[in-house]
Amino acid sequence: MISILAQTATKGISMPAPVSTYAGEVDWLWNVITWVSVFFTVLIAGAMIFFIIKYRRQTPDDQPHAHTHNTALEVTWTIIPLIIVLMIFVWGFRGFVGMATPPSNSYEVLVTAKKWSWIFTYPNGANSDVLHVPADRPIKLILESVDVIHSFYVPAFRTKKDVVPGRYNETWFEVKGDRNGITAENPGEYDLFCAEYCGRDHSRMTTKVVVHTQESFNKWLEEASNPAAGLTLPQYGEKLYRRNGCNACHSINGSAIANGGPTFKDLFGYPQSLKNGTTEIADDNFLYQAISQPNSHGIVGYQPIMPANRLKQDEITAIIAYIKSLSDKYQPEGEPAEEGASENTVEAPATE
Ligand code: CUA
């Protein structure tokens, strides 16, 4: 709340500068509708106030005049607004059709919305939690949701489209690089919001769109195509934990998140009480089942609210490695050697 107020104070409540190729057209029509409305509001309210004063009752026995109509006046105030709204309809419809029809040479990105994060998948299979696109090319977005209705909204592009479970929606945009000062060193960065109330962390379901030059986009895509490069398995798991929004419900410091799931700290290797009355140790297989089949264990104290995911086998393995790295029961190099004999030490047969 405070941060929203602070943002409003610094950025104002107006829309950001128009960035996409059709944003200017949207703003133009929006301004036409606003100013036509302001004009008629002032005109009609002004005329009402003027007539109330001019024709008010002057004396107690002042009688109203008999009214009749004025055909010329009535036809005029019907025809003029009719022409105005028809013009608005035609401009609006043309804009709508243009925004709803991606050009055939578009670069396609799959947008997956889930409670409460965005995942963007590129034609070569790479994915990211921030939308990266090249400038000077129409970008076609296929929108899908794995749970509830979300809405893809980039104010600077004037792009907004619902993301509905059970169907694919489409939208597109194009950003001109030179018009927006986009260079290899200075990619454009714009806010991306979820604009449909989708539950507890709806207001945090935000990310960015980064618009690169074609060359720097190719470079970025190459790096993104190998997300685990240079990372240990737990580090890659942590990246996936953040990218997939697991952090919305699972803390890593032992704290409980309201209406969330178990903390990942000291989860591995510890017994979990299940609602069927049994207890299971959270080992590798327990965690695998918990991630691949959400809510299948029924751990005491938690609601079955974990959303579906589309993690691949190697991604689940990395997340399990990350969870293990957060537990003091995880000792990949074995028990630290203790002074004296350990119980595993095989006694050397006594020789006489
Ligand atoms: Cu997703 Cu609001």
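Predicted model only: the values in this text are computed from it and were never measured.

Definitions and limits used
- Residues numbered from 1 in each chain as written.
- Predicted model: local features only at pLDDT ≥ 70, side-chain atom pairs only at ≥ 80, totals over all residues.
- Heavy atoms only, no water.
- Pairing = 2+ DSSP bridges.
- Helix = DSSP H or I, 4+ residues; strand = E, 2+ residues; numbered from the N terminus.
- Buried < 20%, exposed > 50% of the residue type's maximum accessible area, 1.4 Å probe, protein only.
- Contact = heavy atoms within 4.5 Å.
- Disulfide = S-S within 2.5 Å.
- Phe/Tyr/Trp six-rings, centres within 6.5 Å; stacked < 30°, edge-to-face > 60°.
- Lys NZ or Arg CZ within 6 Å of the ring centre and 35° of its normal.
- Polar contact = N/O pair within 3.5 Å; in protein donor to acceptor, adjacent residues only side chain to side chain.
- Expected span 1.5 Å × (residues − 1).
- Axes fitted to C-alpha atoms, helices over the stretch in contact; angles between N-to-C directions.
- Parallel < 35°, antiparallel > 145°, perpendicular 65-115°, else oblique.
- Left-handed = near helix turned anticlockwise from the far one by under 90°.
- Core = buried A, V, L, I, M, F, W, Y, C linked by side-chain atoms within 4.5 Å.

## Here's the deal with the sheet that holds strand E8 (residues 169–173)
Hydrogen bonds between backbone groups are what pair the strands of a sheet, and the pairing can be parallel or antiparallel.
And then number 1: If you trace the five strands from one edge of the open sheet to the other, you get E3-E2-E1-E5-E8, paired in mixed fashion. The open sheet has two edge strands, strand E3 (127–128) and E8, and neither has a second partner.
And then number 2: In the sheet, strand E1 (residues 107–114) pairs with strand E5 (residues 139–145) via seven bridges, with the strands oriented parallel. When the bridges of E5 are listed, Leu-110 appears paired with Ile-142.

## As for the environment of Phe-217
And then number 1: Within the secondary structure, Phe-217 is located in helix H4 (residues 214–224).
And then number 2: What makes Phe-217 buried here is its relative accessible area of 1%.
And then number 3: C-alpha of Phe-217 to C-alpha of Ala-184: the two residues are 33 residues apart in sequence and 8.7 Å apart in space.
And then number 4: If near-sequence neighbours (up to four positions away) are discounted, Phe-217 is found in contact with Tyr-107, Tyr-122, His-132, Val-133, Pro-134 and His-212.

## Overview of the state of the cysteines
Disulfide: a covalent bond formed between the sulfur atoms of two cysteine residues.
And then number 1: The full count for this structure, using the stated rule, is zero disulfides.
And then number 2: Among the cysteines around Cys-249, which has no disulfide bond, Cys-246 carries the closest sulfur, lying 9.0 Å off.
And then number 3: Classification of Cys-249 by relative accessible area gives buried; the value is 17%.

## Quick look at the packing of aromatic side chains
And then number 1: Counted under the stated rule, the structure contains 16 aromatic pairs.
And then number 2: Here Phe-89 and Phe-93 contribute two aromatic rings whose centre-to-centre distance is 5.8 Å and whose plane-to-plane angle is 20°, an arrangement assigned as stacked. Taken as a pair, Phe-89 and Phe-93 lie in helix H3 (residues 71–100) at a separation of four residues, close to a single helical turn.
And then number 3: Using a relative accessible area of 48% as the deciding quantity, one classes Phe-93 as partly exposed.
And then number 4: Taken together, the ring pairs connect Tyr-107, Tyr-122, Phe-217 and Trp-220 into an aromatic cluster.
And then number 5: Cation over ring: Lys-160 sits above Tyr-153, and NZ or CZ is 4.6 Å from the ring centre.
And then number 6: In this structure, Lys-329 is placed above the aromatic ring of Tyr-270, and the distance from its NZ or CZ to the ring centre is 5.0 Å.

## What about the side chain of Ser-128?
And then number 1: Here Ser-128 shows up in strand E3.
And then number 2: Under the relative-accessibility criterion, Ser-128 is labelled buried at 5%.
And then number 3: Here the side chain of Ser-128 touches Val-130 through a polar contact of 2.5 Å, landing on its backbone oxygen.
And then number 4: Residues in contact with Ser-128, not counting those within four places in the same chain, are Trp-118, Ile-119, Phe-120, Tyr-122, Trp-220 and Arg-243.

## Quick notes on H3
And then number 1: Between its first and last C-alpha atoms H3 spans 43 Å; for 30 residues at 1.5 Å apiece the expected length is 44 Å, and the two agree.
And then number 2: N-capping of H3 is provided by Asn-70, with a side-chain oxygen placed 3.3 Å from the backbone N of Ala-72.

## Quick notes on the environment of Tyr-107
And then number 1: Of note, Tyr-107 is situated in strand E1.
And then number 2: On the accessibility criterion, Tyr-107 (12% relative accessible area) is buried.
And then number 3: With residues up to four places along the chain from it excluded, the contact list for Tyr-107 reads Tyr-122, Pro-123, Pro-134, Arg-137, Pro-138, Ile-139, Lys-140, Phe-217 and Leu-221.

## Quick notes on the pairing of E8
And then number 1: Where burial is concerned, most of E8 is hidden: four out of the five residues are buried.
And then number 2: Pairing between E5 and E8: five bridges, direction antiparallel. Each residue of the ladder has a partner; that of Leu-143, found in E8, is Asn-169.

## What about unusual backbone geometry?
And then number 1: Look at the link from Lys-115 to Trp-116: it is a cis peptide, with omega at 0°.
And then number 2: The topology assignment puts Trp-116 in the loop between E1 and strand E2 (117–121).
And then number 3: The phi dihedral of Asp-266 falls on the positive side, at around 50°, and the residue is not glycine.
And then number 4: Looking at the element boundaries, Asp-266 is found in the loop between helix H5 (233–243) and strand E11 (271–273).

## Observations regarding the pairing of strand E6 (residues 150–154)
And then number 1: By the criterion of burial, E6 is predominantly enclosed, with five of the five residues buried.
And then number 2: Side chains His-150, Phe-152 and Val-154 project from E6 onto one buried face, and the interleaved Ser-151 and Tyr-153 project onto a second face that is buried too.
And then number 3: Alignment of E6 against strand E7 (residues 159–163), held across five bridges, turns out to be antiparallel. Looking at E7, one finds that Tyr-153 is bridged to Lys-160.

## Thoughts on the packing of helix H6 (residues 284–292) against helix H7 (residues 313–325)
And then number 1: Their axes nearest at 10 Å, the elements H6 and H7 cross at an angle of 125°. The pairing of H6 with H7 is recorded here as oblique in orientation. Seen from above, H6 lies across H7 with right-handed handedness. Along the contact surface, H6 presents Asp-284, Leu-287, Tyr-288, Ile-291 and Ser-292, while H7 presents Gln-313, Ile-316, Ile-319, Ile-320, Ile-323 and Lys-324.

## Notes on the nonpolar core
And then number 1: Counting 39 residues, the largest nonpolar core has Trp-118, Tyr-122, Leu-131, Phe-152, Phe-157 and Phe-173 as its most contacted members.
And then number 2: Setting aside its immediate chain neighbours within four residues, Phe-152 contacts Val-111, Trp-118, Phe-120, Leu-131, Leu-141, Leu-143, Thr-159, Lys-160, Lys-161, Val-163, Leu-192 and Phe-193.
And then number 3: Within the second largest apolar cluster, 21 residues are counted, among which are Leu-274, Ala-282, Ile-291 and Leu-326.

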